Amino acid sequence: MCLKFLIILISFLIDNSAIIVAELNNSEPKFSGPIVNVTVPVGRDAFLTCSVHDLLNFKIAWLRVDTQTILTIHNQVITKNQRITLTHTEHRIWQLRIRDVKESDHGWYMCQINTDPMKSQVGYLNVVVPADIVDYETSHDMVVEREQNVTLVCTAKGLPEPLITWRREKDQPLYNTAKGQVFTSEGPNLTLWQVTRSHMGAYLCIASNGIPPTVSKRIMVLVNFRPTIWTRYTTIYVNYRQSVTLECISESHPISVNYWLKGTEIIEGGTYESVNEKHIYKIIMRLMVRPTKVQDFGEYKCIAKNQLGFVEQTIRLRHKSKHNLQHLYQTNNRNNQLIVFEGK
């Protein structure tokens, strides 16, 4: 239905006596001011206000411009859209209310007075939609191999179009460049080049378009790497029948299998404390030794192995003699432990 036809239809629906009264009074209605454009978040209520004076017996109508739909004529709501209502104050302020605004409600709305010729003015309803992350188009937690290139993807929708920002938890840098550390990145994609264990952690995709609330998604990146292992002391001096604790610490992802070797023999016993720190598996290996014979001295190896490889660390247990008393030593009288060490 064309707009011209709607104007004619409204003219026929309205009593022509209004024009006669206006001619006798030598006055006709006018708009008191423009319709103020309105911006409303989706789901809220919108109010468009048309102000007139000297309406007399003339009548007001509201129309949707883009669809050429009559919404109200004077006191009557014509549209079948039950979300639309009309209120007026002393025939001067005519307010169109749209409840539970939908994105499709945005556009131009016209307020008409049935003068001859018609008088009208328009106002715009802008519907904004808070940012929302599209989960099925956004990356999820992942496990990747070391030195692999990884691209994280984040898709968001909203009106206006959201801006996507990437950050890491606990203010860690996203990556390093020749110019320094980079802590934020904008855009739907974030590429991590040749990832290492330092890239492990939570990445935040943050979407915002100025309409509260800002939303985010947490994406965990885990990097598989072969174990690393170290010990505080590589050489320990001890007397016969004095107990000493050998200790190695390994880190890996996925978790490693750890054990002790003396020569080529696997040593039964020892304690293995597993700790998961920042999704890196740390295992603290401890082996208590109390040498009673010559064969108890020598090299002890701590081994850590996962599917990506293995690593070992050697600790030498030597007999303390008068010759090496110049080395540093530690004693613990309560448990009769003696540790004397050199270097690393």
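Residues numbered from 1 in each chain as written. Predicted model: local features only at pLDDT ≥ 70, side-chain atom pairs only at ≥ 80, totals over all residues. Heavy atoms only, no water.

### Quick word on the sheet that holds strand β1 (residues 30-31)
Note: strands within a sheet are paired through backbone hydrogen bonds, in either parallel or antiparallel orientation. Pairing is antiparallel across the open sheet formed by four strands, whose spatial order is β1-β3-β8-β7. Sheet topology places β1 and β7 (84-89) at the edges, where each strand pairs with a single neighbour. As paired strands, β1 and strand β3 (residues 46-53) are joined by two bridges and run antiparallel to one another. Among the inter-strand pairings, Phe31 is bridged to a residue of β3, identified as Val52. (Pairing = 2+ DSSP bridges. Helix = DSSP H or I, 4+ residues; strand = E, 2+ residues; numbered from the N terminus.)

### Quick word on the nonpolar core
Taken as a class, soluble globular proteins show a tendency for nonpolar side chains to be buried jointly. With 25 residues, the main nonpolar core has Leu152, Trp166, Leu190 and Tyr203 as its most contacted residues. Looking at which element gives the most residues to this core, the answer is strand β20 (residues 215-230), with six residues. Leave out the neighbours within four places in its chain, and Tyr203 touches Leu152, Arg167, Arg168, Leu174, Leu190, Leu192, Lys217, Arg218, Ile219 and Val221. Within the second largest apolar cluster, 23 residues are counted, among which are Ile35, Ile60, Trp62 and Val101. (Core = buried A, V, L, I, M, F, W, Y, C linked by side-chain atoms within 4.5 Å. Buried < 20%, exposed > 50% of the residue type's maximum accessible area, 1.4 Å probe, protein only. Contact = heavy atoms within 4.5 Å.)

### Points about the pairing of β20
For strand β11 (residues 142-145) and β20, the ladder comprises four bridges, and the chain directions are parallel. Looking across to β20, one finds that Met142 is bridged to Val221. Two elements, strand β19 (residues 201-208) and β20, share seven bridges in a ladder whose sense is antiparallel. Bridge pairing in β20 links Cys205 to Lys217. With antiparallel pairing between neighbouring strands as the criterion, β19 and β20 make up a hairpin whose turn holds six residues, including Gly210 at a positive phi of roughly 85 degrees. Sheet topology places β20 next to strand β22 (residues 244-253); four bridges connect them, and they run antiparallel. Across the sheet, Ile229 pairs through a bridge with Ser250, a residue of β22.

### Quick word on the pairing of strand β27 (residues 298-306)
Relative to β27, strand β23 (residues 257-262) runs antiparallel, the two being bridged by six bridges. Within β27, the residue paired with Leu261 across the bridge is Lys301. As paired strands, β27 and strand β28 (residues 309-319) are joined by nine bridges and run antiparallel to one another. Among the inter-strand pairings, Ala304 is bridged to a residue of β28, identified as Val311. Here β27 folds back onto β28 in antiparallel fashion, the turn holding two residues.

### A word on the state of the cysteines
For the coordinates displayed, the defined rule picks out three disulfides. Shown here is the disulfide that connects Cys154 with Cys205, its sulfur atoms set 1.7 Å apart. Its S-S torsion of approximately -50 degrees makes the covalent link between Cys154 and Cys205 left-handed. Of the two residues, Cys154 is situated in the loop between β12 (150-153) and β13 (156-159) and Cys205 in strand β19; the sequence distance between them amounts to 51 residues. Given a relative accessible area of 1%, Cys154 falls into the buried group. Along the protein, the cysteines that take part in disulfide bonds pair up as 1-2, 3-4, 5-6, counted in sequence order. (Disulfide = S-S within 2.5 Å.)

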